[in-house]
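Read off the chains here:
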Amino acid sequence: MARILVTGGTGYIGSHTVVELMQSGFEVLIVDNLSNSNIQVLDGIEKIVGRRPDFAQLDVADLPKMRELLEKYTDIVAVIHFAASKAVGESVEKPLLYYRNNVLSLVNLLEVMKERGITNLVFSSSCTVYGQPSKEHLPVDETAPIQPALSPYGNTKQINEEIIRDEAHADSSLNAIILRYFNPIGAHPSALIGELPNGVPNNLLPFVTQTAAGLRKELKIFGNDYNTPDGSCIRDYINVVDLAKAHVVAVNRMLKVELRDRVEYFNLGTGRGLSVIEIVDTFEKVTGVKVPHTIVGRREGDIEKVWADPRKANEVLGWKATATVEETLLSAWNWQRHLSE
Ligand code: NAD
Ligand code: UD1
């Protein structure tokens, strides 16, 4: 049985991906240092799938420990690398922490993969690499120019992409699929796993669900004076289970076909942009729960509007986001209620 090494596998996107991998018949080894996740996530995965993935509490940046671990696993056929620090604001305050964690982890991982003869890598990147695309590049496809990063976090994604490209160029055995996520939201329909934000959420959806649950007084909508139909920012919100499934497709692609290019890039989004106000209105409509909110000034560094052209992923990967925003918002609410139980 083929095994996938999933770094950051107890995190938000990682845990949903582990479920999809296991349900597709793969064995999984999770490596996570639990810096931004909880060991109980493994119980949720086991309840959904009926079996437990192997787990090692380890820092991916710890090369000797990673070597030691992987000596015990001879059946790994691919790696999905989620492990990273991801708080944009924190990365501005502590850039070295972000460069150390996000860059060193990847370098070490590539080294240990080479030593073990593991040649397939799927990497979590972000639409943040495109910055604010110009009008002619909206929706954004993979040929849109990469723009200077707006934060150290964003820069680590760009640097990681470059490291992978350079290493694939130097080592002809390495294949990589770089997935650029738009805005993942929602939770598994079982409500057994979901997003576990640390402290006050920075991202929109956890703030919306916590406000709806009465844990926060009100949602602040950052700006209604943007050049968009209702004045609030536009994003491409993608269901986390749809996103997770794309990783299984990517792994299977690497195992079954020769990649057209040794490093492939895919935008993972729905192709539909929604405004902050549309998200709040739709959330209230599908859940019947009010989200107290006020309009405040713009958040520094925010992108006005960005949404994906996912046609390359649709056509080449044969993957498409299928969940409606209504069911996705409902899944986020069901998860919040599960957390509040
Ligand atoms: P998350 O924080 O929920 O998951 C990341 C996991 O990695 C956590 O469980 C954390 O404990 C672990 N981790 C961090 N550093 C580690 C290290 N050095 N060694 C071992 N484990 C480590 O984040 P997520 O939302 O699931 O994001 C997963 C990946 O996708 C990240 O690379 C992130 O940058 C990227 N991404 C996320 C989003 C998003 O909106 N969530 C968007 C674009 C890209
Ligand atoms: C954030 C990250 C980005 C990352 C992306 C994907 C920042 C500056 N950027 O972007 O690097 O790739 O997540 O997960 O954090 N909003 C409110 N009120 C809130 C929270 C958010 O109005 O309390 C608005 C924001 O202004 C934005 C939208 O909701 O328009 C989505 O915000 P958020 O979830 O933080 O994601 P991004 O801004 O896309």
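1. A word on the overall build of the protein chain
Item 1. The secondary structure content of the protein chain amounts to 11 helices and 13 strands.
Item 2. Against the compact-globule benchmark of 20 Å for 341 residues, the protein chain has a radius of gyration of 19 Å, which places it among compact chains.
Item 3. If one aligns the C-alpha atoms of the protein chain with their principal axes, the spans along those axes are about 55 × 45 × 40 Å.
Item 4. Per-residue burial over the protein chain gives 53% buried out of 341 residues.
Item 5. Contacts in the protein chain between residues far apart in sequence, at least 24 positions, make up 80% of those at least 6 positions apart.
Item 6. By element, 49% of the accessible surface of the protein chain is carried by carbon and sulfur atoms, the whole surface being about 15,200 Å².
Item 7. Within the protein chain, the 43 negative side-chain charges are centred at a point lying 2 Å from the centre of the 35 positive side-chain charges.

2. A look at the environment of Lys-305
Item 1. Along the chain, the position of Lys-305 falls in the loop between strand 13 (293–296) and helix 10 (311–317).
Item 2. For Lys-305 and Lys-135, which are 170 residues apart along the polypeptide, the C-alpha to C-alpha distance reads 9.7 Å.
Item 3. The contact partners of Lys-305, leaving out residues within four places of it in the chain, are Gln-132, Pro-133, Leu-138, Asn-227, Thr-228, Ile-234 and Arg-235.
Item 4. Separated by 2.7 Å, the side chain of Lys-305 and the backbone oxygen of Asn-227 make a polar contact.
Item 5. Reaching out from Lys-305, the side chain makes a polar contact with the side chain of Glu-304 at a distance of 3.4 Å.

3. A short note on the pattern of salt bridges
Item 1. Scanning the model with the defined rule gives 18 salt bridges in all.
Item 2. The structure contains a network of salt bridges with shared partners spanning Arg-3, Asp-54 and Asp-75.

4. Points about unusual backbone geometry
Item 1. Of the consecutive residues Leu-138 and Pro-139, the connecting peptide bond is found in the cis state with omega at -10°.
Item 2. By the secondary structure assignment, Pro-139 is in the loop between strand 5 (120–126) and helix 6 (152–170).
Item 3. Not every positive phi belongs to a glycine, and Leu-34 is a case in point at roughly 60°.
Item 4. Along the chain, the position of Leu-34 falls in the loop between strand 2 (27–32) and helix 2 (41–49).
Item 5. Judged by relative accessible area, which is 19%, Leu-34 ranks as buried.

5. Let's talk about the sheet that holds strand 11 (residues 263–268)
Item 1. With parallel pairing, seven strands are arranged side by side in an open sheet as 3-2-1-4-5-6-11. Across the chains shown, the open sheet's two edge strands, defined by having one partner strand only, are strand 3 (54–57) and strand 11. Each strand of the sheet is rotated relative to its neighbour by a mean of 20°, with strand direction disregarded.
Item 2. Both strand 2 and strand 3 contribute to a ladder of four bridges, which runs parallel. When the bridges of strand 3 are listed, Leu-29 appears paired with Asp-54.
Item 3. Packing of helix 8 (residues 240–256) onto the sheet brings it into contact with strand 1 (3–7), strand 4 (76–81), strand 5, strand 6 (175–181) and strand 11, and relative to strand 6 it is tilted by some 165°.

6. What to know about the side chain of Glu-284
Item 1. Mapped onto the secondary structure, Glu-284 falls in helix 9 (residues 276–287).
Item 2. At a separation of 2.8 Å, a polar atom in the side chain of Glu-284 contacts the main-chain amide nitrogen of Val-291.
Item 3. For Glu-284, the residues in contact, after removing those within four places along its chain, are Val-289, Lys-290, Val-291 and His-293.

7. Some points on the site of ligand 2
Item 1. Taken together, 18 residues sit near ligand 2, with Asn-183, Lys-220, Arg-235, Arg-299 and Asp-302 positioned nearest.
Item 2. Note that an oxygen atom of ligand 2 is positioned 2.9 Å from one of the backbone N or O atoms of Leu-204.
Item 3. Computed on the free molecule, ligand 2 has an accessible area of 730 Å², of which 86% lies beneath the protein chains in the complex.
Item 4. It is strand 8 (residues 219–222) that provides the largest number of residues to the shell around ligand 2, a total of four residues.
Item 5. A per-class count over the shell around ligand 2 returns nine nonpolar, five polar and four charged.

Calculation notes
Residues numbered from 1 in each chain as written. Chains lettered and ligands numbered in written order. Predicted model: local features only at pLDDT ≥ 70, side-chain atom pairs only at ≥ 80, totals over all residues. Heavy atoms only, no water. Helix = DSSP H or I, 4+ residues; strand = E, 2+ residues; numbered from the N terminus. Rg over C-alpha atoms; globule rule 2.2 N^0.38 Å. Buried < 20%, exposed > 50% of the residue type's maximum accessible area, 1.4 Å probe, protein only. Contact = heavy atoms within 4.5 Å. Areas by Shrake-Rupley, 256 points an atom, 1.4 Å probe, with all protein chains shown as cover. Lys, Arg positive; Asp, Glu negative; His and termini not counted. Charge placed at Lys NZ, Arg CZ, Asp CG, Glu CD. Polar contact = N/O pair within 3.5 Å; in protein donor to acceptor, adjacent residues only side chain to side chain. Salt bridge = Lys/Arg side-chain N within 4 Å of Asp/Glu carboxyl O. Pairing = 2+ DSSP bridges. Axes fitted to C-alpha atoms, helices over the stretch in contact; angles between N-to-C directions. Near = heavy atom within 4 Å. Nonpolar A, V, L, I, M, F, W, Y, C, P; charged D, E, K, R; others polar.

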